[in-house]
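In case you want the letters, here they are:
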Amino acid sequence: MTIDQTIYAQRRARLLEKMQRGIAIIPTAPEVARNGDTHYEYRYDSNFYYLSGFTEPEAVLVLVSGQDGQSQPQSILFCREKNPEREVWDGYRAGPDAAKEQFGFDVAYSIAQLDEKLVELMGDQTALHYPLGRDAEWDQRILKLRGAVQAKVRSGIRAPNEIHDVRTLLNEMRLFKDEHELAIMRRAAKISTQAHRRAMQFACPDQFEYQIEAELLHEFCRHGARHPAYPSIVAGGANACVLHYVGNDAILKDGDLLLIDAGCELDGYASDITRSYPVNGRFSAAQKDVYEIVLAAQAAAIAAAQPGNSWDMPHDAALRVLAQGFIDLKLCQGNVDTVLESESYKRFYMHRTGHWLGMDVHDVGDYKIGADWRALQPGMVFTVEPGCYICPADDVPPALWNIGIRIEDDVAITAQGNEVLSAAAPKAVAEIEALMK
Ligand code: GLY
Ligand code: MN
Ligand code: MN
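Residues numbered from 1 in each chain as written. Chains lettered and ligands numbered in written order. Predicted model: local features only at pLDDT ≥ 70, side-chain atom pairs only at ≥ 80, totals over all residues. Heavy atoms only, no water.

Colleague: What should I look at first to understand the packing of aromatic side chains in this one?
Modeller: Under the definition given, this model contains 14 aromatic pairs. Where tyrosine 8 meets tyrosine 49, the ring centres are 6.2 Å apart and the plane angle is 65°; that geometry is what we call edge-to-face. You can see tyrosine 8 sitting in helix H1 (residues 5–19) and its partner tyrosine 49 sitting in helix H2 (residues 46–52), a full 41 residues away along the chain. Neither tyrosine 8 nor tyrosine 49 differs from the other in exposure class; each is buried. Seen from their ring centres, phenylalanine 78 and tyrosine 109 are 5.4 Å apart, and the 35° between their planes marks the pair as tilted. Here the residue phenylalanine 78 occupies a position in strand E5 (residues 74–79), and tyrosine 109 occupies one in strand E6 (residues 107–110), the gap between them amounting to 31 residues. (Phe/Tyr/Trp six-rings, centres within 6.5 Å; stacked < 30°, edge-to-face > 60°. Helix = DSSP H or I, 4+ residues; strand = E, 2+ residues; numbered from the N terminus. Buried < 20%, exposed > 50% of the residue type's maximum accessible area, 1.4 Å probe, protein only.)

Colleague: How should I be thinking about the coordination of the manganese ion (ligand 2) in this particular structure?
Modeller: Ideal values for angles at a metal depend on the geometry: 109.5 degrees with four tetrahedral donors, 90 or 180 degrees with six octahedral donors. Note on the manganese ion (ligand 2): its protein donors are Asp272 (OD), His355 (NE2), Glu385 (OE) and Glu408 (OE). The metal-donor distances range over 2.0 to 2.2 Å. In the primary sequence, the donor residues of the manganese ion (ligand 2) line up as D-x82-H-x29-E-x22-E. Here the manganese ion (ligand 2) and the manganese ion (ligand 3) are spaced 3.3 Å apart, linked through aspartate 272, which binds each one. Taken as a pair, histidine 355 in the loop between helix H12 (336–342) and strand E15 (368–369) and glutamate 408 in the loop between strand E19 (403–406) and strand E20 (409–413) lie far apart in primary sequence, 53 residues in all. Each of the two residues, histidine 355 as well as glutamate 408, counts as buried. (Donors = N, O, S within 2.8 Å, 3.2 Å for Na, K, Ca; no water.)

Colleague: What is the right way to read unusual backbone geometry from this model?
Modeller: When glycine is set aside, most residues are seen to have a negative phi, and most peptide bonds are trans. Of note in this structure, aspartate 267 is not a glycine but carries a positive phi near 45°. Relative to the assigned elements, aspartate 267 resides in the loop between strand E12 (264–266) and strand E13 (269–270). Phi at asparagine 402 is positive, roughly 65°, even though this residue is not glycine. Structurally, the position occupied by asparagine 402 is in the loop between strand E18 (387–390) and E19. Residue class for asparagine 402 comes out partly exposed when judged on its relative accessible area of 30%.

Colleague: Sorry, what's going on with the site of ligand 1 here?
Modeller: Taken together, Tyr230, Asp261, Asp272, His355, His362, Glu385 and Glu408 make up all the residues around ligand 1. In the environment of ligand 1, an oxygen atom lies 3.0 Å from a nitrogen or oxygen atom belonging to the side chain of histidine 355. Glutamate 385 places a side-chain nitrogen or oxygen 3.2 Å from an oxygen atom of ligand 1. Look at ligand 1: alone it shows 190 Å² of surface, and the protein chains cover 86% of it. (Near = heavy atom within 4 Å. Polar contact = N/O pair within 3.5 Å; in protein donor to acceptor, adjacent residues only side chain to side chain. Areas by Shrake-Rupley, 256 points an atom, 1.4 Å probe, with all protein chains shown as cover.)

Colleague: Looking at this structure, I do not really get the sheet that holds strand E4 (residues 60–64). What am I missing?
Modeller: By way of backbone hydrogen bonds, the strands of a sheet pair with one another, either parallel or antiparallel. In spatial order, the strands read E6-E5-E4-E1-E7-E8; together these six strands make up an open sheet with mixed pairing. Each end of this open sheet is capped by a strand with a single partner; those strands are E6 and strand E8 (162–165). Direction aside, neighbouring strands of the sheet carry axes that sit 20° apart on average. Sheet topology note: the E4/E5 ladder contains five bridges and is antiparallel. Following the sheet pairing, leucine 63 is matched in E5 by serine 75. Each of strand E1 (23–27), E4, E5 and strand E7 (127–130) touches H1; the most contacted strand, E4, lies at about 55° to it. (Pairing = 2+ DSSP bridges. Axes fitted to C-alpha atoms, helices over the stretch in contact; angles between N-to-C directions. Contact = heavy atoms within 4.5 Å.)

Colleague: Sorry if this is basic, but what is going on with the pairing of E4 here?
Modeller: In summary, the side chains of a regular strand alternate between the two faces of the sheet. Counting buried positions along E4 yields five of five residues, so the element is predominantly enclosed. Of the two faces of E4, the one lined by Val60, Val62 and Val64 and the one lined by Leu61 and Leu63 are each fully buried. In terms of strand pairing, E1 meets E4 through five bridges, oriented antiparallel. Looking at E4, one finds that isoleucine 25 is bridged to valine 62.

Colleague: Just checking my understanding: could you explain the coordination of the manganese ion (ligand 3) for this structure?
Modeller: Protein-derived ligands of the manganese ion (ligand 3) are Asp261 (OD), Asp261 (OD), Asp272 (OD) and Glu408 (OE), with the metal-ligand distances lying across 2.0 to 2.3 Å. Coordination at the manganese ion (ligand 3) is irregular: its six donor atoms span angles of 57 to 171° at the metal. Judged by its relative accessible area of 0%, glutamate 408 is buried. (Tetrahedral: all angles 85-135°; square planar, octahedral: opposite > 155°, others 65-115°.)

Colleague: Mind showing me how you'd approach the pattern of salt bridges here?
Modeller: Two side chains carrying opposite charge are able to pair once their charged atoms lie near each other. Tallied over the entire structure, the rule returns 26 salt bridges. Glutamate 265 is the salt-bridge partner of arginine 43, the closest N and O atoms lying 2.9 Å from each other. Taken together, the residues arginine 43 in the loop between strand E3 (38–39) and H2 and glutamate 265 in strand E12 connect sequence positions 222 residues apart. Here arginine 43 falls in the partly exposed class, since its relative accessible area comes to 24%. Residue classification places glutamate 265 among the buried residues on the basis of a relative accessible area of 16%. For arginine 198, the salt bridge is made with glutamate 219, and the minimal N-O distance between the two is 3.0 Å. Linking arginine 198 in helix H8 (residues 179–202) with glutamate 219 in helix H9 (residues 209–222), this pair joins segments that are 21 residues apart in sequence. (Salt bridge = Lys/Arg side-chain N within 4 Å of Asp/Glu carboxyl O.)

Colleague: Any chance you could explain the packing of H1 against helix H7 (residues 167–175) here in plain terms?
Modeller: The angle between the axes and the distance between the axes are what describe a pair of packed helices. Contact geometry for H1 and H7: axes closest at 10 Å, N-to-C directions at 135°. Considering their axes alone, H1 and H7 lie oblique with respect to each other. In the packing of H1 onto H7, the handedness of the crossing is right-handed. Here Arg11, Arg14, Leu15, Lys18 and Met19 of H1 lie close against H7, whose contacting residues are Leu169, Leu170 and Met173. For the contact of H1 with H7, the class distribution of residues is five nonpolar, no polar and three charged. (Parallel < 35°, antiparallel > 145°, perpendicular 65-115°, else oblique. Left-handed = near helix turned anticlockwise from the far one by under 90°. Nonpolar A, V, L, I, M, F, W, Y, C, P; charged D, E, K, R; others polar.)

As structure tokens, then:
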């Protein structure tokens with residue numbers, strides 16, 4: 001595996017610059033037992049990977065600013081040692097020497113030396129930058145090691161007297177995707193659009209939802225995206241009105257809609273796409289009425305996703321279209337302003353229109369700066385996902401019962417406007433019907 005060391009080295013340098021002083025300690029994620037001696041599929045910590053490119057478990061990244069005590073900035077990796085016997089059973093481990101060379105760290109040590117070295121490295125550092133609160137065991141360990149440094153006070157060594165959550169700096173860095181990240185996200189979105197196309201071609205009455213899920217996973221995996229970025233939602237009929245439905249075990253019925261919210265993770269980056277369409281490939285009049293409203297709401301939101309516009313403008317644009325649509329469908333009474341004011345639309349549209357997208361499907365980054373929604377800027381990537389979910393009720397026209405529709409795309413803000421990364425998944429009624437024929 002060749003790693004572009006400079007990408008990660010530059011990110012580490014930027015973090016060190018933002019930290020100004022002190023030491024950062026960033027452990028990767030632990031392995032988690034599933035049952036017996038089997039683990040859940042391993043997923044590294046996003047921040048750790050963002051700064052290192054290193055994917056093995058049992059590893060810690062330490063960055064020393066070089067401003068306090070130490071003579072120069074340093075990137076230090078702690079990782080598992082080579083172990084020929086374990087490698088026969090569990091596979092390759094880089095070991096500190098190869099990891100240092102391959103990933104471009106200044107120094108690498110065995111993870112077994114972590115405690116001893118951290119006590120040394122924390123000595124005389126003014127500030128400790130650490131993801132406090134992410135993992136209780138790590139919190140205890142790091143605070144105990146800081147205590148061990150404090151115990152050396154009579155030798156003239158001081159412990160860091162400030163602790164900062166390093167995620168405040170990292171979240172802001174990760175919010176702006178660089179070209180390397182955008183290229184991966186484009187590929188992830190492309191694979192997911194191919195999976196959605198495949199699902200559309202396979203869907204038909206009397207299949208189980210999980211049979212469609214299998215087609216999605218097949219398409220992800222065969223393009224090298226071995227894992228979904230989140231549990232796939234394959235929801236037929238009334239199941240589409242359950243926002244986080246993941247049962248995926250019901251039979252798809254002729255005449256019902258199917259909502260699929262699925263996206264792969266590729267090289268640590270998520271895609272997140274939803275399409276909704278009829279199981280039998282032909283929209284009924286009522287399904288089409290609701291669908292066109294959601295599609296128009298999405299178009300309005302994407303049009304509002306422009307550099308300089310504030311975060312809530314796409315949401316507000318979608319809401320106005322949905323509110324008018326709900327009035328036209330006799331789901332809400334009044335005019336657009338009173339529907340928005342009274343929030344009566346929330347009975348049929350209860351979530352927001354999007355979220356940041358990146359290494360985490362609901363990615364990091366603040367949505368407000370102070371009291372105000374922040375301005376959209378090039379490099380930000382987020383979803384645009386309006387929907388409409390209609391549960392049966394006496395005051396709702398029966399033709400609309402159990403219609404659940406969401407249309408979700410992944411959008412990157414560019415200098416000129418935006419780029420819809422997931423545009424290749426069909427969403428116009430005619431396009432969907434043609435593909436499903
Ligand atoms: N798939 C999770 C979401 O759409 O937010
Ligand atoms: Mn989403
Ligand atoms: Mn989604």
